[in-house]
Amino acid sequence: MFLNTDNHKPYYWGEEPPRKPKYPELTPRQQKVLFALIGFNLLMMLLAPIGGATIISALVHLAG
């Protein structure tokens, strides 16, 4: 049976495990923008259905 290890070498006792690549951290300004976008999206999740229903209701009222 074929086992694909992707060139992974096992480590033994006393050896350090292979390290994961370190990802860049967000700057404080990037964090503020990210939190603002998340907050805006959460707000729109609550308000958009109400606004959409109001517009549809107004169009139905105008048409009929």
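Counting restarts for each chain: residues are numbered from 1 in the order of the written sequence. Totals for whole chains, interfaces and linings use all residues, but because this is a predicted model, local features are given only for residues with pLDDT of at least 70 and pairs of side-chain atoms are given and counted only at 80 or more. Hydrogens and water molecules were not included; the side-chain quantities draw on all heavy atoms of the structure.

A. Representation of the overall build of the protein. By definition, any uninterrupted DSSP run of H or I lasting at least four residues is a helix, any uninterrupted run of E lasting at least two residues is a strand, and each is numbered from the N terminus. Looking only at helices and strands, the protein has one helix and zero strands in total. Burial classification: accessible surface area is computed with a 1.4 Å probe over protein chains only, and a residue below 20% of its type maximum counts as buried, one above 50% as exposed, and the rest as partly exposed. Looking at the protein residue by residue over its 64 residues, the buried ones come to 0%. For the protein, the exposed area adds up to about 7,000 Å²; of that, 68% sits on carbon and sulfur atoms. The method behind every accessible area is Shrake-Rupley, applied with a 1.4 Å probe, and residues are considered shielded solely by the protein chains displayed.

B. Here's a closer look at a nonpolar patch on the surface. Patch membership needs two things, relative accessible area over 30% and no salt bridge, and members are linked within 9 Å if like-charged or within 5 Å if nonpolar (Val, Leu, Ile, Met, Phe, Trp, Tyr). For this document, the term salt bridge refers to a Lys or Arg side-chain nitrogen within 4 Å of an Asp or Glu carboxyl oxygen. Taken together, the side chains of Leu26, Leu34, Phe35, Ile38, Leu42 and Met45 define a hydrophobic patch exposed on the protein surface, amounting to about 610 Å² of accessible area. Within the secondary structure layout, Ile38 lies in helix 1 (residues 28-63).

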